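Structure at a glance
One letter stands for each residue in the lines below.
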Amino acid sequence: MEILNYAFMQRALIAALIVGVTAPAIGIYLVQRRQALMGDGIGHVALTGVGLGFLLNTSPIWVATAVAIAGSVVMELIRWYGKTRGDLALAMLFYGGMAGGVMLMNLSDAGSNANLGTYLFGSITTVSPQDMTTIYVLAALVLAITIGLRRQLFAVCQDEEFARVTGLPVRLLNLLVAVTAAVTVTVAMRVVGLLLVSALMVIPVAAAQQISRSFAVTFSVAVAIGVAVTLTGTTTSYYVDVPSGATIVLFAIGLFVLFTGLAAPLAKKRARAAAEASKGCTLEVPGDRTVADDVSVTG
């Protein structure tokens, strides 16, 4: 294939594959916690890290990772203690992160509006070999947590009170989910951009939930969808010359619509199967049964 003849496209496809796996892997826990927009908020905060990286003339991804992790910790603290003013504090954090990133980017010598656009909306063809090393390390961390601690994280995201009763460190695990989401945002920002990364965390999971009911199946299908849309979107962006991030997200939405259309027939099929199974479980008394067949219990 022609697309594989270029080193930058080889890196782009590998990065897309990694993001397609990691984003739904952490996204399933965010959806379970009803925090689907958390990735979007972290993306706003991470932009300050990108601008600070350009201002300090160092790696924007590593600085963005540090700032995003700090922002995710603050979000969790606000969620725990914010109470009635929590939404206002989060809004100020998100908007402040966006404004800070734009300001720092313009104050830096290396920054420009063009650089800002590549991080906001993604520019997968600009992924460098140094970026790939960072992506490998961060993605390995994300997968180690989301797969290695899947039972504990699922328990906490499903029912915090039950998880607390069983002795799990609920607050620590919640904080771990937030930090892992922050790392995933910085892994994916080169592929889909900071403003669209939340969509890649949430939409594949939402699509998988349309056709599956168990956590394991939903996890596997969501990852498969993530890989499919990122690779397809990246390939399409190369041949059609369109933005990779927007293309990937639109493909994901298209699959969500398709899976939603398949959900109703599958639900009817399951209902018919359950009805037939219940019929097969009825007990019938044989017609030739005699009194001698009775069992009596004497004290």
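Here's what I pulled together on the structure shown here. Along every chain, residues carry numbers that run from 1 in the direction the sequence is written. In view of the model being predicted, local features appear only for residues whose pLDDT reaches at least 70, and side-chain atom pairs are presented and counted only at 80 or more, with totals across whole chains, interfaces and linings using the full set of residues. Note that the side-chain values use all heavy atoms of the structure and ignore hydrogens as well as water.

Assigned secondary structure in the chain consists of 12 helices and zero strands. Only runs of H or I of at least four residues qualify as helices and only runs of E of at least two qualify as strands under DSSP, and these elements are numbered from the N terminus. Listing the helices and strands of the chain from first to last along the sequence gives α-α-α-α-α-α-α-α-α-α-α-α. Classification of residues uses two cut-offs on accessible area relative to the type maximum, computed with a 1.4 Å probe and protein chains only: under 20% is buried, over 50% is exposed, and between them is partly exposed. Here the chain, with 299 residues, has 44% of them falling under the buried criterion. Summing over all exposed atoms, the chain offers an accessible surface of approximately 15,200 Å²; the carbon and sulfur share of this is 66%. For the area figures, the Shrake-Rupley method with a 1.4 Å probe applies, and any residue is considered shielded solely by the protein chains shown.

Here is a general trend for soluble globular proteins: nonpolar side chains tend to be buried in one another's company. Membership of the largest hydrophobic core comes to 81 residues, with the highest contact counts inside it found for Tyr29, Ile42, Val50 and Met201. It is helix α1 (residues 7–32) that contributes the most residues to this core, 14 residues altogether. Nonpolar cores were defined as sets of buried Ala, Val, Leu, Ile, Met, Phe, Trp, Tyr and Cys residues, with membership established by side-chain atoms within 4.5 Å.

Along its 18 residues, helix α2 (residues 38–55) runs 26 Å from first to last C-alpha, staying within 8% of the 26 Å computed at 1.5 Å per residue. Along α2, 15 of the 18 residues are buried, which leaves the element largely enclosed by surrounding structure. Backbone geometry just downstream of α2 places Asn57 in the positive-phi region, at approximately 60 degrees. Here the expected length of a helix is defined as 1.5 Å per residue gap, with one fewer gap than residues.

Geometrically, a pair of aromatic rings is defined through the distance of the ring centres and the angle of the planes. Stacked, edge-to-face and tilted labels apply to pairs of Phe, Tyr and Trp rings (six-membered ring for Trp) whose centres lie within 6.5 Å, assigned for plane angles under 30 degrees, over 60, and everything in between, in that order. Taken as a whole, this structure holds four aromatic pairs when the rule is applied. The interplanar angle of 45 degrees and the centroid separation of 5.8 Å between the aromatic rings of Tyr29 and Phe215 together place this pair among those described as tilted. Separated by 186 residues along the polypeptide, Tyr29 in helix α1 and Phe215 in helix α11 (residues 215–240) bring together distant segments of the chain. Taken individually, Tyr29 and Phe215 each receive the classification buried, so the pair is uniform in this respect. Taken together, a centroid distance of 4.9 Å and an interplanar angle of 80 degrees make the contact between Tyr238 and Tyr239 edge-to-face.

Moving on, we come to α1. An ideal rise of 1.5 Å per residue puts 38 Å on 26 residues; α1 measures up with 38 Å between its terminal C-alpha atoms. At the C-terminal side of α1, Arg34 shows a positive phi close to 60 degrees.

Okay, unusual backbone geometry next. One non-glycine residue, Asn57, lies in positive phi territory at about 60 degrees. Residue placement: Asn57 occurs in the loop between α2 and α3 (60–81). Residue Asn57 is classed as exposed on the basis of its relative accessible area of 70%. Its identity is not glycine, yet Asp241 carries a phi of approximately 60 degrees, on the positive side. Tracing the backbone through its elements, the reader meets Asp241 in the loop between α11 and α12 (244–280).

Glancing now at the packing of α2 against helix α9 (residues 170–188). Following both chains from N to C, one finds α2 and α9 inclined at 60 degrees, their axes separated by 9 Å at the closest point. Judged by the inter-axis angle, α2 sits oblique to α9. The two elements α2 and α9 cross, and the hand of that crossing is right-handed. Touching Met38, Gly39, Ile42, Gly43 and Ala46 of α2 are Ala178, Ala181, Ala182 and Val185, all from α9. Each residue is assigned to one class: nonpolar for Ala, Val, Leu, Ile, Met, Phe, Trp, Tyr, Cys and Pro, charged for Asp, Glu, Lys and Arg, and polar for all the others, Gly among them. The residue inventory of the contact of α2 with α9, partitioned by class, reads seven nonpolar, two polar and no charged. Axis geometry follows a simple rule: fit a line to the C-alpha atoms, using only the stretch in contact for helices, then measure angles between N-to-C directions, giving values from 0 to 180 degrees. Here the word oblique covers every angle except those under 35 degrees (roughly parallel), over 145 (roughly antiparallel) and from 65 to 115 (roughly perpendicular). Crossing handedness: left-handed means the near helix sits turned counterclockwise from the far one by under a right angle, and right-handed means the same turn made clockwise. The contact rule is simple, with two residues in contact once any of their heavy atoms fall within 4.5 Å.

Patches here are clusters of residues that have more than 30% relative accessible area and form no salt bridge, with a 9 Å joining cutoff for like charges and a 5 Å cutoff for nonpolar side chains (Val, Leu, Ile, Met, Phe, Trp, Tyr). Any carboxyl oxygen of Asp or Glu that lies within 4 Å of a side-chain nitrogen of Lys or Arg is treated as forming a salt bridge with it. Taken together, the side chains of Ile14, Trp62, Tyr136 and Val137 present a nonpolar region at the surface, about 380 Å² in accessible area. Considering the arrangement of structural elements, one finds Val137 in helix α6 (residues 129–148).

Before going further, it helps to spend a moment on the pattern of salt bridges. Summed over all chains, the structure comprises two salt bridges. Between Arg33 and Glu76 there is a salt bridge; the shortest N-O distance is 3.1 Å. Highlighted residues: Arg33 in the loop between α1 and α2 and Glu76 in helix α3, separated in sequence by 43 residues. Note on accessibility: Arg33 and Glu76 belong to one class, buried. Of the charged contacts in the structure, one is a salt bridge between Glu161 and Arg164, with a shortest N-O distance of 3.2 Å. Pair noted here: Glu161 and Arg164 are both in helix α8 (residues 160–165), with a separation of three residues, about one helical turn. Judged by its relative accessible area of 54%, Glu161 falls in the exposed class. With a relative accessible area of 39%, Arg164 lands in the partly exposed category.

Keep in mind that these numbers describe shape and distance, not what the molecule does.
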